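Okay, here's what each chain looks like letter by letter:
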Amino acid sequence: QGQANKWVKNMEKKHKLEVLKLSDGDYVRKLENCIQFGYPVLLENVGEELDPTLEPLLLKSVFKQGGGLCIRLGDSTIEYSEQFRFYITTKLRNPHYLPEVSVKVTLINFMITLDGLEDQLLGIV
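Read on for an overview of the structure. (Residues numbered from 1 in each chain as written. Predicted model: local features only at pLDDT ≥ 70, side-chain atom pairs only at ≥ 80, totals over all residues. Heavy atoms only, no water.)

1. A few points about the pattern of salt bridges
1) Next: Tallied over the full model, the rule gives six salt bridges.
2) Next: A salt bridge links R29 to D26, with the nearest nitrogen and oxygen atoms 3.1 Å apart.
3) Next: Notably, a salt bridge pairs D26 with K30, separated by 3.9 Å at the nearest N-O pair.
4) Next: The partly exposed category is assigned to D26, whose relative accessible area is 27%.
5) Next: Classification of K30 by relative accessible area gives partly exposed; the value is 27%.
6) Next: One salt-bridge network, in which partners are shared between bridges, spans K9, K21 and E44. (Salt bridge = Lys/Arg side-chain N within 4 Å of Asp/Glu carboxyl O. Buried < 20%, exposed > 50% of the residue type's maximum accessible area, 1.4 Å probe, protein only.)

The structure is reproduced here in structure tokens:
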């Protein structure tokens, strides 16, 4: 079940990957720092409902302000680095996300064979 986490951690370790959980008390503050400085984030073990604070991030609601890109998270407007990458994983075997969530993200099923996964990822790229 940890294939996705392992794959993301391996792929992003040289880019200072920050691993967060929704249960972390300061996850929003850490997420904001990563967005500003362009560090990748892995949000682990989410359920079928996501925190509404993540909505602008999932929609990539960035805007120009003062010559740079910004995004509004909760009550804060922060700078948005184009190097920032956001990964979300779940331990649920067969999660059912609402259509409004599914259209905002790219879902990858890691519970398939290596060849099937490769075809799936190449189809996205």
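Right, picking up where we left off after that structure.
2. Notes on the packing of aromatic side chains
1) Next: Within this structure, the stated rule accounts for three aromatic pairs.
2) Next: When the centroid spacing of 6.1 Å and the interplanar angle of 75° are considered together, the rings of Y80 and F84 count as edge-to-face. Of the two residues, Y80 and F84, neither departs from the other in class, the shared state being buried.
3) Next: What links up through ring pairs into an aromatic cluster is the set Y80, F84 and F86. (Phe/Tyr/Trp six-rings, centres within 6.5 Å; stacked < 30°, edge-to-face > 60°.)

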